[in-house]
Amino acid sequence: MQTTFTPEQLQDPDTQRSNEILRACVHCGFCTATCPTYQVLGDELDSPRGRIYLIKDMLENDRDPDEKTVQHIDRCLSCLACMTTCPSGVHYMHLVDHARAYIEERYKRPFGERALRWMLARILPYPTRFRLALLGAKIGRPFARLMPDARLQAMLEMAPKTIPPVSRNDDPQSFPAEGKAIRRVALMTGCAQRALNTDINDATIRLLTRAGCEVVVAEGAGCCGALTHHMGKTDESHAHAARNIRAWSAEIDGKGLDAIVINTSGCGTTVKDYGHMFRNDPLAEDAARVSALACDVSELLAELELPFTGVPEMVVAYHAACSLQHGQQIKTAPKKLLKDAGFTVVEPADSHLCCGSAGTYNLMQPEISKQLKERKIRTLEAKSPDIIAAGNIGCMMQIGSGTGVPVVHSVELLDWACGGPKPPALERGADPAPEVPRLR
């Protein structure tokens, strides 16, 4: 694609990067075949190719974003299926991230939208605040249908029926390896996940220590910044990311780290991009080190010898999170691990399509998200599984809100297969989770 940015415009690093990306696009349209919003809406401007044209026009002409452009960019899930499909290697993620930051800086949204985005940015990245918000949403859930705004209704409906107790395993500390320590790794405990489902981090710690890893929860680490990053709130997202970079760099420079393990794939895609995000920042070197060490938990587990002890015969429908299969290009490791553990693994039709969660998308674009959720659940349930497994908390909440099939994280199943407790989601009428979650 030909571009006409001026030399002055190209002095801006983000514009320079966007120019490189735009020039790689050859208008082939392959991306439209795998774009969820194009399949749902059928509008060329709601496809990656259409959005690329809109972004190009906006950036080249250095114009303030108009309502039409903002609407179509906002409708993008950032599922990155287009990047998997594109034969030309167009890095759409960096381009749409730049567009969102540009829109955030130069477009004044209606008051209701500004208030909603402000609220989400002030609550979701902070586990304690999020817990309090979930308690309020739980109380208001019976009145969800009375809400005048579909987005407020979606927020209330997405609130879980039960909120788990705080897990002290998420506090800064170190968990020794069982037997000889072969690796020292940092676990990113996250933000929303700590409020929504504490079983995931607990299972991850048990599994890794059993496999010979010392697991460190670093002092000062928290939200990865993805939630605000995808809203275009660069200063806030970079502030979250910088805290992580400093926290993990202190561990790297101290006793050292062999990996930074992430069990929420949406976070993993962002952390692996810290090197790019901070390329012109004083933290550039440390950010690059962090990105190089970051890995999804399935990547690390694939390298370790797991002590599988056997599981009941069960069919697991594996949902491939977009951030894992497209954002990080991790496709086989989670399925192979589950098969090695003894589960029968099946995949739904159109497994490349998004479930509609996409960070805060299901809260800000509830109508489109609902259509994608219903399609995903139909294809998963068509496999008649005993369990649905995923590697991302957002997908788990989205799918779990519309199916009666238990939805669990892959590490919970692997932990169970290695002698850990049965995932609580599989227990019918079981006692409530203990006040202090078990490590062993």
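Conventions and cut-offs
- Residues numbered from 1 in each chain as written.
- Predicted model: local features only at pLDDT ≥ 70, side-chain atom pairs only at ≥ 80, totals over all residues.
- Heavy atoms only, no water.
- Domains from an automatic or database assignment.
- Contact = heavy atoms within 4.5 Å.
- Buried area = accessible area lost by both parts, 1.4 Å probe.
- Salt bridge = Lys/Arg side-chain N within 4 Å of Asp/Glu carboxyl O.
- Polar contact = N/O pair within 3.5 Å; in protein donor to acceptor, adjacent residues only side chain to side chain.
- Pairing = 2+ DSSP bridges.
- Helix = DSSP H or I, 4+ residues; strand = E, 2+ residues; numbered from the N terminus.
- Axes fitted to C-alpha atoms, helices over the stretch in contact; angles between N-to-C directions.
- Buried < 20%, exposed > 50% of the residue type's maximum accessible area, 1.4 Å probe, protein only.
- pLDDT = per-residue confidence, 0-100.

Student: I tried to follow the domain arrangement of the protein chain on my own but got confused; where do I start?
Tutor: If you check the domain split of the protein chain, you get domain 1 (7-106), domain 2 (117-158), domain 3 (168-302) and domain 4 (308-418). The C-alpha centroid of domain 4 is placed 22 Å from the C-alpha centroid of domain 3. Contact residues are listed per partner, giving 25 residues for domain 3 and 23 residues for domain 4. Taken over both partners, the interface formed by domain 3 and domain 4 buries close to 1,900 Å², and the fraction arising from carbon and sulfur atoms is 68%. If you look at where domain 3 meets domain 4, you find 2 salt bridges. Residue Asp-415 pairs with Arg-206 through a salt bridge whose shortest N-O separation is 2.8 Å. At the surface where domain 3 touches domain 4, the tally comes to 12 residue pairs in polar contact (both at pLDDT 80 or more).

Student: I'm lost on the sheet that holds strand E1 (residues 173-175) in this one. Help?
Tutor: Within a sheet, each strand pairs with its neighbour through backbone hydrogen bonds, oriented either parallel or antiparallel. In spatial order, the strands read E1-E3-E2-E4-E5; together these 5 strands make up an open sheet with mixed pairing. The open sheet is flanked by E1 and strand E5 (294-296), the only strands paired with a single partner. The mean angle between the axes of side-by-side strands here comes to 30 degrees, regardless of whether they run parallel or antiparallel. Judged from the 3 bridges that link them, E1 and strand E3 (residues 213-217) form a sheet pairing that is antiparallel. By the bridge assignment for E3, Gln-173 is matched with Val-217.

Student: Explanation requested: the sheet that holds strand E6 (residues 315-318) in the structure shown.
Tutor: Spatial strand order, E7-E6-E8-E9: 4 strands in an open sheet with parallel pairing. Looking along the sheet, the strands with just one partner apiece sit at the ends: strand E7 (344-346) and strand E9 (407-409). Sheet twist, expressed as the mean angle between neighbouring strand axes with direction ignored, is 35 degrees. Alignment of strand E8 (residues 387-390) against E9, held across 3 bridges, turns out to be parallel. The partner of Ala-390 across the bridge, within E9, is His-409.

Student: Looking at this structure, how should I read helix H4 (residues 67-74)?
Tutor: Every α-helix winds through 3.6 residues per turn, so residues three or four apart in the chain are directed the same way. By the burial criterion, the buried members of H4 are Thr-69, Val-70, His-72, Ile-73 and Asp-74. Tucked into the core, H4 has its buried residues touching helix H3 (48-60), helix H6 (92-106), helix H7 (111-123) and helix H20 (361-364). With a side-chain oxygen positioned 3.1 Å from the backbone nitrogen of Lys-68, the residue opening H4 is Asp-66.

Student: Would you mind showing me how to read the confidence of the model for the protein chain here?
Tutor: Parts of the model with low pLDDT should not have their predicted coordinates read in detail. With 97% of its residues at a pLDDT of 70 or more, the protein chain shows a mean pLDDT of 93. Below pLDDT 50 for its whole length, residues 428-440 participates in 21 contacts with residues either more than four positions away or in separate chains.

Student: Before we go on, may I ask you to explain the pattern of salt bridges in this structure?
Tutor: Once their charged atoms are close, side chains differing in charge can pair, the charge on each being opposite to the other. Applying the stated rule across the entire model yields 26 salt bridges. Here Arg-279 and Asp-14 are joined by a salt bridge, their closest N and O atoms 3.1 Å apart. Placement of the pair is Arg-279 in the loop between helix H15 (274-277) and helix H16 (284-293) and Asp-14 in helix H1 (residues 13-24), with a sequence separation of 265 residues. You can call Arg-279 partly exposed: its relative accessible area is 28%. Its relative accessible area of 35% is what places Asp-14 among the partly exposed residues. Here Arg-63 ties to Asp-66 by a salt bridge, and the two come within 2.9 Å at their closest N and O atoms. Asp-66 gets classed as partly exposed once you look at its relative accessible area, which sits at 32%.

Student: Teacher, can you tell me more about the side chain of Thr-37 here?
Tutor: Note that Thr-37 resides in helix H2 (residues 36-41). Among the residues examined, Thr-37 registers a relative accessible area of 1% and is labelled buried. A polar contact is formed between the side chain of Thr-37 and the backbone oxygen of Asp-46, at a distance of 2.8 Å. In terms of polar contacts, Thr-37 uses its side chain to reach the side chain of Arg-51, at 3.0 Å. When sequence neighbours within four positions are dropped, the list of residues in contact with Thr-37 reads Gly-42, Asp-46, Arg-51, Arg-75, Leu-77, Tyr-361 and Ile-368.

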